[in-house]
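In case you want the letters, here they are:
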Amino acid sequence: MPHGYSGKILRVDLTEEKIEVEEPGELFFRKYMGGATLGAYYLLKELDPGIDPLGPKNKIIFAASVVTGAPVSGFCRYAIVSKSPLTGGIADTQAGGWWAPQLKFAGYEAIIVEGQAEKPVYLWIDDGEVKIKDAKKIWGKDTGETQKIIREELGDEKIRIASTGQAGENLVRYACVLNELKHANGRLGMGAVMGSKNLKAIAVRGSGDINMADEKTVGERAKWFAQNFKDNVSNDRVSEYGTAELVNALNEGGMLPTENFKTGYFENAENLSGERMTEEILVKGEGCYACPVKCKRVVKTEEPYEVNPKYGGPEYETIGALGSFCCVDDLVAVSKGNELCNKYGLDTISTGNSIAFAMECFENGVIDEKDTGGIELEFGNADAMVKLVDKIAKREGIGDLLAEGVMRAAEKLGEEAEKYAMHSKGEEIAMHDGRAKGMVGFGYMVGPLGGDHVVVEHDTDFDESALDTWVEQAKPLALIERIEAAGMDYQKIRQFMYLQNHFSMMDSLALCVFSFAPVRTLTMEHLVELVNAITGWESSLWELMKQGEKRVTMFRAFNVREGFTPEDDSLPDRLYEPIKSGPLKGLANDREEYEEAKRLYYEMMGWDKETGAPKKSKLIEMDLEWLIDELKI
Amino acid sequence: MTGEGMIKVTVKMYSLLQREAGDSEIEVCMKEGIRLEKLLEKLCDKYGRKFKNILYNNEGRLNMLCLINGKKAELEETLKNGDRVVLMFPAGGG
């Protein structure tokens, strides 16, 4: 009997209404520890390339990991993995909260959902008993109503529910999935995949325990974390002000994404800050399973918009996307936009990015009031931003076009609009300036998901102004020198590769990067200690880092099989153009430097320069030789 | 009003410093020719031990970034009348 995990994977075929439990064995879970590494295994084995992401042949996998559910800060997360309707490549999007531990308590590591239900359904997992239930009563409802009705129907307030809202049903390409109405698997359209399968929600109740190898060590470390996290500046900051604490710091540094990446400085940024939120609209901080940090926010407002606290409050990314990126300086409007996104099941990053795109199209006459239904869609118009969130979720008017994402919208609107579409591989770019942070920009370029900001720990955590702790805690990864935040010199290509493998490992184990080194409280040593105490393995940072590299390699293989080429590893032109104002005015990425970095990075990763595919030798090194035939190499 | 030989600077404090100070922005009058380091000492005297523990790490190194008029400043820098001093954590990731 393994420790930390049950070894059971639930497979649900919605077409055949068939439910099975698979047990792939201990060796499998050592090779594919969880999250998207486990998910990518099944997608690579079972999906034919070229299938419609919104058709019955796509599969959607909800995956915790071998260590999820241990009662320590950061062990509460899970990944949703599928073929993305936004990019056509692999999707991996993660959420904390309470759902994943419950899945583990019910005795499962992951759920593979395939096929397409004939009519709307939801899945009910009650320990060993799993049922496909009629979702007639909740179809067409928002996430809040869905949660309430399911809990009433099943007669238990404590059931944990992951669901999508109307945006998922309407197949908005960046519709998301939320648990507890505020913990989002935000990115890449997993709500739409659920919608396409007529799957509204997955409700879970578990009564089991995590059978840990060394419960004492885990308990002691959890206690130590609770006693010490306030001494870690980064954990203290988010505990006090939420991730929105970043707004002022990024703005003063000239790198707050503003006006669709035209600039990095927003005059009225302070109105959007975590400090301001705390003073004016905060109800409380709230957290995830077993975490004392409580970095999530709960806000309540009455005027001019009524915001219901049950949907939480805006994170930094949301404030960036619906706020500064659209030049909206009204925190109440941003909070309303956030509430609507959480109700409808919309990714706040893609939503805000799409609205900013539409604003720039409006500014330049690509679209006009006839297209917007009379809305003056100018940068800074808070009310227009809120109205557009609603229209996107319902696919009404201009919202129908924006629900396709900026890449497809720009293709329809023509060449001029393409200049304003801030995406990579079809995914809207997140709220960090890829010029001010060179590796983050490079991540937008070569990262497998697209405009994803969680590819590496950010450049500014290692530059001359970075705290000593951050630099010290990165040393076990062989990152021993400080870097310049902007640009991609040789040192940074190496650093990018190591840090990408590191974050990828964190994702494979479904861990929260806000609990761990280099920047946060738990060190690399603690990480290994905890993995071993939970599983009973004698693992090492080396083995875990290889798990991270395996995930990156598998993602690459998936995308190549779907027809992605090195040309898809690109950035919008704007990130090669100078920031137009603020402290970093004039800063731009050098196209040649980025292209060279890309070639060198491919070589370091063991990928073919011409095709971008992992080489045979790399697949063998990664224990992925079964992919050799798959990739025809 | 600043008298002869005196300067007035604006100090903007973010995040945990704001929490400890209970202020986000203050004006400080000091003698002409004073260095940034001296201003920080003055603030630590005013706001107390917890404030100081946020500003400096255990080894006495500055934990925060100081900007003068938007530019990163060194502790030895001399302040001028009308300067805007920002004290903030390095941005980090989000």
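Residue positions within a chain follow its written sequence, with the count starting from 1. Here chains are named by letter from A upward and ligands by number from 1 upward, in the order in which they appear as written. The model is predicted, so local features are restricted to residues of pLDDT at least 70 and side-chain atom pairs to those at 80 or more, both for listing and for counting; the totals for chains, interfaces and linings are taken over all residues.

S.K.: What is the right way to read the overall build of chain B from this model?
M.R.: Within chain B one finds 3 helices and 5 strands. Per the convention used, a helix needs a DSSP run of H or I reaching at least four residues, while a strand needs a run of E reaching at least two, with both numbered from the N terminus. For chain B, the sequential pattern of α-helices and β-strands runs β-α-β-α-α-β-β-β. Principal-axis analysis of the C-alpha atoms gives chain B an extent of 45 × 25 × 25 Å. Remark: residues whose backbone-derived C-beta atoms lie within 7 Å of one another are considered to be in contact. Residue pairs at least 24 apart in sequence account for 56% of intrachain contacts in chain B once pairs closer than 6 positions are excluded.

S.K.: Mind showing me how you'd approach the interface of chain A and chain B here?
M.R.: Many authors give the size of an interface as the accessible area that is lost as the parts come together. Taken together, the 31 residues of chain A in the interface contact 21 residues of chain B. In terms of residue count, the dominant contributor to the side of chain A that touches chain B is helix H8 (residues 233-241) of chain A (6 residues). Taken together, the residues of the side of chain A that touches chain B sort by class into 12 nonpolar, 9 polar and 10 charged. When residues are grouped by polarity, Ala, Val, Leu, Ile, Met, Phe, Trp, Tyr, Cys and Pro land in nonpolar, Asp, Glu, Lys and Arg in charged, and all others, Gly among them, in polar.

S.K.: How should the domain arrangement of chain A be read in this particular structure?
M.R.: All names here are of chain A. Each domain of chain A was delimited in the assignment, giving domain 1 (9-205), domain 2 (243-419) and domain 3 (438-630). Here the C-alpha centre of domain 3 lies 26 Å away from the C-alpha centre of domain 1. Broken down by secondary-structure element, the contributors of at least two residues to the side of domain 1 that touches domain 3 are helix H2 (35-46), strand S4 (78-83) and strand S5 (90-95). Here the element with the most residues in the side of domain 1 that touches domain 3 is H2; it accounts for 6 residues. Delimitation of the domains relies on an automatic or database domain assignment.

S.K.: How should I be thinking about the nonpolar core in this particular structure?
M.R.: Burial of nonpolar side chains together is a common tendency in soluble globular proteins. Take the buried Ala, Val, Leu, Ile, Met, Phe, Trp, Tyr and Cys residues, join any whose C-beta atoms are within 7 Å, and the set you get is a nonpolar core. With C-beta atoms placed from the backbone, a residue counts as buried when 20 or more other C-beta atoms lie within 10 Å of its own, as exposed when 12 or fewer do, and as partly exposed for counts between those limits. Ranked by size, the top nonpolar core spans 244 residues in total, and within it Tyr-122, Leu-346, Ala-358 and Met-385 of chain A carry the most contacts. Contact partners of Leu-346 of chain A, with chain neighbours within four places excluded, come to Ala-167, Val-172, Tyr-174, Ala-175, Cys-176, Cys-341, Thr-351, Val-389, Ile-392 and Ala-393 of chain A.

S.K.: How should I be thinking about the pairing of strand S2 (residues 18-22) of chain A in this particular structure?
M.R.: As a general feature of sheets, a regular strand has side chains that alternate between the two faces. Two strands are said to pair when DSSP picks up at least two bridges between them. For strand S1 (residues 9-13) of chain A and S2 of chain A, the ladder comprises 5 bridges, and the chain directions are antiparallel. The partner of Ile-9 of chain A across the bridge, within S2 of chain A, is Glu-22 of chain A.

S.K.: Is there a simple way to think about the sheet that holds strand S9 (residues 160-163) of chain A in this case?
M.R.: Whether parallel or antiparallel, the strands of a sheet pair through hydrogen bonds between backbone atoms. All names here are of chain A. Taken in spatial order, the 6 strands line up as S8-S7-S12-S9-S10-S11 in an open sheet, and their pairing is mixed. A single partner strand is all that each edge strand has here, and the edge strands are strand S8 (129-134) and strand S11 (183-185). Averaged over all pairs of adjacent strands, the angle between strand axes in this sheet comes to 20 degrees, irrespective of strand direction. Strand direction decides the pairing type here: strand S7 (residues 121-126) and strand S12 (residues 199-205), joined by 6 bridges, are parallel. Bridging across to S12, Ile-125 finds its partner in Val-204. As a rule, the C-alpha atoms of each element are fitted with a line to give its axis, helices using only the stretch in contact, and angles between N-to-C directions run from 0 to 180 degrees.

S.K.: Just to check I follow, could you spell out the sheet that holds strand S6 (residues 110-114) of chain A for this structure?
M.R.: All names here are of chain A. The strand order across the open sheet formed by 6 strands is S2-S1-S6-S3-S4-S5, and the pairing between neighbours is mixed. Looking at which strands have only one partner, the edges of the open sheet turn out to be S2 and S5. When the angles between neighbouring strand axes are averaged without regard to direction, this sheet yields 15 degrees. As paired strands, strand S3 (residues 60-63) and S4 are joined by 3 bridges and run antiparallel to one another. Directly across from Ile-61, in S4, lies its bridge partner Val-81.

S.K.: Just to check I follow, could you spell out the environment of Val-446 of chain A for this structure?
M.R.: Residue and element names in this part refer to chain A. If you trace the backbone, Val-446 turns up in helix H19 (residues 438-446). Residues Val-446 and Pro-85, spaced 361 residues apart in sequence, show a C-alpha to C-alpha distance of 19 Å. In this structure, Val-446 is in contact with Asp-569, Lys-598 and Tyr-601, ignoring residues within four places of it in sequence.

S.K.: Looking at this structure, how should I read the packing of helix H13 (residues 348-363) of chain A against helix H17 (residues 406-413) of chain A?
M.R.: How two helices sit against one another is set out by the angle between their axes and by the gap between those axes. Residue and element names in this part refer to chain A. Where H13 contacts H17, the two axes come as close as 10 Å, and the packing angle between them is 20 degrees. Judged on the interaxial angle alone, H17 and H13 are roughly parallel. Here H13 runs over H17; the crossing is right-handed. Residues Asn-353, Ser-354, Phe-357 and Cys-361 of H13 touch H17, and the partners they reach there are Val-406, Ala-409 and Leu-413. A class-by-class count of the residues in the contact of H13 with H17 yields 5 nonpolar, 2 polar and no charged. Any angle that is under 35 degrees is reported as roughly parallel, and any over 145 degrees as roughly antiparallel; angles of 65 to 115 degrees are reported as roughly perpendicular and all others as oblique. Whether a crossing is left-handed or right-handed is set by the direction in which the near helix is turned from the far one by less than a right angle, anticlockwise for left-handed and clockwise for right-handed.

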